[in-house]
Structures are given as structure tokens and as C-alpha cells.
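# Examination of the molecular architecture
The lines below spell out each chain.
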Amino acid sequence: MANCEACANYQYEEEYGYYICNASLDEDEMGRFLSGSFSECPYFQLDDEYAVVRKQM
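Residues numbered from 1 in each chain as written. Predicted model: local features only at pLDDT ≥ 70, side-chain atom pairs only at ≥ 80, totals over all residues. Heavy atoms only, no water.

### Regarding the overall build of the protein
We count it as follows: A run of DSSP states H or I qualifies as a helix once it reaches four residues; a run of E qualifies as a strand once it reaches two. Both are numbered from the N-terminal end.
A count of helical and extended segments in the protein gives two helices and two strands. Each helix and strand of the protein, placed in order from N terminus to C terminus, yields the pattern β-β-α-α.

What follows is the structure in C-alpha cells.
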């Protein structure tokens, strides 16, 4: 499985005081996500903060 701490969708929520997944899921996707019916997270996006800088070079 993907490491959630390296995912762009994994963000700290100050209101709750902990990290949450902010992936935008519809009802069917949320059901699949909660059931854990996949071996790798299909919503993982590498949180590469230097990607924009590399494109500018």
C-alpha cells in the first residue's frame, strides 16, 4: 500500500487536530475505499513539492 504520509491528499486538519485524507470521492468510491477492497490506494498522489521547480528549469 502507499504511504499516506507521502501523499498530497493527506493533510493536517487543525479543526480536528489530526491528519485526514482529502481525496474527493463519490459514494461508490468511498464504499470501495472503506471496504479496503484494493491492494494499493488508487487515490495516492506523491506530494512532490519540488515538481514545479523542476519544470521551470
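So, next bit.
### With respect to the pairing of strand β1 (residues 10-13)
Worth spelling out the cut-off: Following DSSP output, two strands are said to pair if at least two bridges run between them.
Pairing of β1 with strand β2 (residues 18-21), which is carried by four bridges, proceeds in the antiparallel orientation. Considered in β2, the bridge of Tyr10 is made with Cys21. Connecting β1 to the next strand, β2, in antiparallel fashion are four residues, including Gly17 with a positive phi near 85 degrees.

### Points about helix α1 (residues 27-35)
Using the following cut-off: In the analysis that follows, any N or O atom pair within 3.5 Å is treated as a polar contact, provided that within protein one partner can donate a hydrogen and the other can accept it, and provided that, for residues neighboring in sequence, both atoms belong to side chains.
For α1, the capping residue at the N-terminal end is Asp26, with a side-chain oxygen 3.2 Å from the backbone nitrogen of Asp28. One or two steps after α1, the chain reaches Gly36, where phi turns positive at roughly 65 degrees.

### Focus: the state of the cysteines
Threshold: Counting rule for disulfides: a pair of cysteine sulfur atoms within 2.5 Å. Relative accessibility decides the category of a residue: with a 1.4 Å probe and only protein chains considered, values under 20% of the type maximum give buried, values over 50% give exposed, and everything between is partly exposed.
Following the criterion strictly, the structure yields zero disulfides and no others. Between Cys4, a free cysteine, and Cys41, which holds the nearest cysteine sulfur, the sulfur-to-sulfur gap is 6.2 Å. For the unlinked cysteine Cys21, the closest cysteine sulfur is that of Cys7, found at 5.9 Å. Judged by relative accessible area, which is 40%, Cys21 ranks as partly exposed.

### Some remarks on the packing of aromatic side chains
In plain terms, the rule: Classification of ring pairs uses Phe, Tyr and Trp, with its six-membered ring standing for Trp, and accepts pairs whose centres are within 6.5 Å; under 30 degrees between planes counts as stacked, over 60 as edge-to-face, and the remaining range as tilted.
Under the criterion given, the structure shown has three aromatic pairs. For the ring pair Tyr10 and Tyr19, a centre distance of 5.1 Å and an interplane angle of 15 degrees mean the geometry is stacked. Its relative accessible area of 46% is what places Tyr19 among the partly exposed residues. Measuring from ring centre to ring centre gives 5.1 Å for Tyr12 and Tyr19, while their planes differ by 65 degrees; the resulting arrangement is edge-to-face. Judged by relative accessible area, which is 45%, Tyr12 ranks as partly exposed. These aromatic residues form a ring-pair network of at least three members: Tyr10, Tyr12 and Tyr19.

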